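One letter stands for each residue in the lines below.
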Amino acid sequence: MSNQRERILSFVPIETIPLPRPLNRFGTAFPTALAEIYATAYAPRRGVVLDPLAHPWSAADAVESADRRGIAKSREPLGEWARAVVVLAPSLDEVLAGFERVADSVLVGTPHRVAMRELYASHCATCHGPVVVEAFLWERDAPVPTKKAFRCGVCAREGRALLIEPVDNEDEERTRRLEPRGMAYWQFVERFGADPAAQALAETVAALYTPRNITALMATLRAIETSVGDAGAQGLLKLCLLESIVAGSRLNAVAGHGTPLRIDKGRARRGHASQTREVNIWLEYERTVRELVTWLAQHEHRTPAVRGGLLLDPGDADLVLCQAPVEDALGGWSTVASALLLGAKTLRPMDTGEGRLASRERLLRTLRAALIEAHRVSRPEAAAVVFVPQADTATIAACVLAGAGGGYRLRTILYQRDAHAGAYGAPAAAVCDFDRDVPLLRDQSAADAGLIEDAIRAGVRDAVLARGEPVREEVAAVAALQSLAAKGLLVPIALARAGGVSELELFLDHFKSALADGRRTGITRVPLSDDADDVAYAITEAPDATPLGDRVEWAVWGLLSSAREVDTRSLLRRVYGLFRGIETPDRELVERCVAAYATQTDDGRWRLLDQDALVARQASQAQVLAELIDAGHRLGFKVHVGRDVERRAVPQSHQERGRALADLVGEAERSSGASRFVRGASDALDFVDCVWYDKGRMVFLWQVDWTARIHRSVVALGEAIPDDDRVFRFLAVADERTGLVHEKLRRSPALAEVVRRRGWRFVKWDPLRRWLRDAQAGLDGLEPVLGLEPAVEQSGQQLAFRW
Ligand SMILES: [Zn+2]
């Protein structure tokens, strides 16, 4: 289906807000900037955006700030319910009042709060004063806990410090007195409904709780349901119990935060931790309620518009927008919480076998089902956009195949390495942008493996050419997927699940095989580290295109020099705007370029360093060159000045000797040239900034740069000049660029290899100039000033060097 809309081709700086418990168990908040860009471009004002994998603060909420209306749907009833509960919650005072009614509820004779205190009661091991245990620690399969964690108001820091002591006889006795399959156990099982399969699952889940915790859990749930009349307040108070359901089970390892539940063959899988923590369900619940209420007060979004969105018809959706469920932090807890909090009628069929599925397969299935449903109900022209918050090769491929299997045609993938501020285990993010395709035909013919692998290689080649540098695996995979989509080969792969091999495995196999066979087609592997799998892909006969890293650096400088002061976000956005699609630059590279050229004002805005203004830099570069010319003459060399810089004005210090740098060398030098001193040298030699030659047949090549764009010097020029025993290569860089040069070499092992092989010597301007201006200095004084950390800057070290 053709589409006239202008596509988003530039990455958007991603920022997300951290969600409080228990909302964070559903997934991370959808980045607002991303929602705004796509909703604005792909849906009209007041248009409808359908989020088929909704949960609190997912895309359905995020589009509100762009004046679009979000509809939340979900295959899992829990996420959609949780979002509605948050939207419909009454004033937060009313929620807190509801909580007090739960605490005071006298369903079993004593107020619930008192009953809970008694359930977890113990004595301080030191002073024997009464305490409430916050957690018992259990060894695997032990009949009683071994330790207890509590705060004692008498012994330790006014009750603030958490003390951990061995349990005593009384604790053991209290634990044994609780019936393993008491009333609470059966109440729990009953919530799953009458279906025998559901009951069987329920029993295995109930067994994940200690008798104490299942008692607390069911008593609290019953207290919420019976003492809070207002449906809105009751909903939010039930939602908070999700935290206790997850954190209160035996899957909770000592250091953990609650593990996703895996359901295998209709049974809950037990945990493997050698020690588990039996948290105090009631304390956990109270903390969650207070934390959520406080957070909601600061992040108000229960607007009338959002509430109105609950009534919208998904058939009006202009855009489908969601976040790939990469984490699945709940797993089977979603089913369990649905049964306990929403009632058994919403219980999905058993997740038979899903416990064994690799997480990417689960992601593919969940996303595909969501997109099939979205495709079915949305407008015929509605695009689909999937944000992938943790984008590795398999995850991106799973999302793209889910889209293809759901009836969408991939248009673009925007992938960014290190997309998030503060790397919290999420080194990359991606956005997969789809158009609606015609509905899939099941009798789609299988694609030929040769065609598929040719398309993969063609995509990778294009990516290497576009970026002008070797590409890492993820970028190669993105390029491969886009190439397959453009050639109509994604759908056959997406439909090829057969013989136990999933479409994801099929793609990954073809991807691996296409690139392993790359030598024949000119694709080579560049090792990035000692790890054999850590490689980038390059092309053998690649033209000397300027690498992306150098272009990004130049763009950052250009933006900084045209803006007086600019904030980080605007700067990132403008840089990203210049590099589209497969050329999306790493965030870290952009930020290092910014840090190399700019200084930050008190209010966090960036300003170009004074010395990096163009006029200042051309003057300082001319100064270094003029001093190089003088020193070359003094040391007995003839000197050549490069074509690019010979017309530069001489610096103030040389004004009486001419106007341009070329005037500083003699007529004879200008006519003789350096090329006859370098065997096989081409025109490239004429472009070297400064050449010293004709002294003992030695030739010194000097490149003088104030940027860290070293590709031109080292590769474009340097590789055209053959090696010779007496050719020495120097790259003089402005001192402020040291860090960025290091970074460029670190990022590009291929470039670093050329530097090493050709014997390029780096030298910083300041130490170089001190040596050049020293009338007594000979060539033997050059060695200590060389390097990005030269010896002269270190503690009096002396190096001998023979030229
Ligand atoms: Zn004490």
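A. Spotlight on the overall build of the chain. Per the secondary structure count, the chain includes 29 helices and 23 strands. Dimensions along the principal axes, computed over C-alpha positions, put the chain at roughly 110 × 75 × 50 Å. For the chain, the residues scored as buried account for 54% of the 803 residues in total. For the chain, contacts bridging at least 24 residues in sequence account for 73% of all contacts bridging at least 6. Computed over 103 positive and 109 negative side-chain charges, the inter-centroid distance for the chain is 1 Å.

B. Main features of the pattern of salt bridges. With the rule as written, the count across this model stands at 62 salt bridges. Between E588 and R746 there is a salt bridge, and its shortest N-O distance comes to 3.8 Å. Here R746 lies in helix α27 (residues 738–747) and E588 lies in helix α22 (residues 587–597), a separation of 158 residues in the sequence. According to the relative accessible area criterion, E588 is partly exposed, its value standing at 28%. Judged by relative accessible area, R746 falls into the exposed class, the value being 52%. What you see here is one network of salt bridges that share partners, running through E100, D104, R113, E286 and R290.

C. Layout of the coordination of the zinc ion. Surrounding the zinc ion are the protein donor atoms C124 (SG), C127 (SG), C152 (SG) and C155 (SG), which sit 2.2 to 2.3 Å from the metal. Around the zinc ion, the four donor atoms are arranged such that angles at the metal cover 103 to 118 degrees; this shape is classified as tetrahedral. Coordination of the zinc ion draws on donor residues from a single chain, spaced C-x2-C-x24-C-x2-C in sequence.

D. Representation of the nonpolar core within the structure. Core analysis: the biggest nonpolar cluster contains 100 residues, and W692, F700, W702 and W771 have the highest contact counts within it. Among the nonpolar cores identified, the runner-up in size contains 72 residues, and V95, M116, L119 and L261 belong to it.

E. Layout of the domain arrangement of the chain. Along its sequence, the chain is carved into domain 1 (29–75 + 303–340 + 351–464 + 472–509), domain 2 (94–298), domain 3 (548–608) and domain 4 (614–793). Both sides together, the interface formed by domain 1 and domain 3 hides about 920 Å², and carbon and sulfur atoms give 52% of it. Along the contact surface separating domain 1 from domain 3 lie two salt bridges. Residue D418 is joined to R587 by a salt bridge in which the shortest nitrogen-to-oxygen separation is 3.3 Å. On the surface where domain 1 and domain 3 come into contact, there are five residue pairs in polar contact (both at pLDDT 80 or more). Those elements giving two or more residues to the side of domain 1 that touches domain 3 turn out to be α1 (32–42), β12 (408–417) and α17 (473–486).

F. A look at the sheet that holds strand β19 (residues 638–641). Overall, mixed pairing links the five strands, which are arranged β19-β20-β21-β22-β23 in an open sheet. Each edge of the open sheet carries a strand with a single partner, namely β19 and β23 (760–764). The sheet shows a mean angle of 20 degrees between the axes of neighbouring strands, taken without regard to direction. Where β19 and strand β20 (residues 690–695) come together, four bridges link them in antiparallel fashion.

G. Structural view of a nonpolar patch on the surface. Together, L88, L310 and L311 make up an exposed nonpolar region whose accessible area comes to about 310 Å². Along the chain, L311 falls in the loop between α12 (304–309) and β10 (317–323).

H. Local environment of a negative patch on the surface. A contiguous patch of negative charge, built from E473, D530, D531 and D533, is present on the exposed surface. Examined against the element boundaries, D531 turns out to sit in the loop between β15 (523–527) and β16 (535–539). Given a relative accessible area of 46%, D531 falls into the partly exposed group.

Here is what the cut-offs are and how they apply
Residues numbered from 1 in each chain as written. Predicted model: local features only at pLDDT ≥ 70, side-chain atom pairs only at ≥ 80, totals over all residues. Heavy atoms only, no water. Helix = DSSP H or I, 4+ residues; strand = E, 2+ residues; numbered from the N terminus. Buried < 20%, exposed > 50% of the residue type's maximum accessible area, 1.4 Å probe, protein only. Contact = heavy atoms within 4.5 Å. Lys, Arg positive; Asp, Glu negative; His and termini not counted. Charge placed at Lys NZ, Arg CZ, Asp CG, Glu CD. Salt bridge = Lys/Arg side-chain N within 4 Å of Asp/Glu carboxyl O. Donors = N, O, S within 2.8 Å, 3.2 Å for Na, K, Ca; no water. Tetrahedral: all angles 85-135°; square planar, octahedral: opposite > 155°, others 65-115°. Core = buried A, V, L, I, M, F, W, Y, C linked by side-chain atoms within 4.5 Å. Domains from an automatic or database assignment. Buried area = accessible area lost by both parts, 1.4 Å probe. Polar contact = N/O pair within 3.5 Å; in protein donor to acceptor, adjacent residues only side chain to side chain. Pairing = 2+ DSSP bridges. Axes fitted to C-alpha atoms, helices over the stretch in contact; angles between N-to-C directions. Patch = residues over 30% accessible without salt bridge, like charges linked within 9 Å, V, L, I, M, F, W, Y side chains within 5 Å. Areas by Shrake-Rupley, 256 points an atom, 1.4 Å probe, with all protein chains shown as cover.

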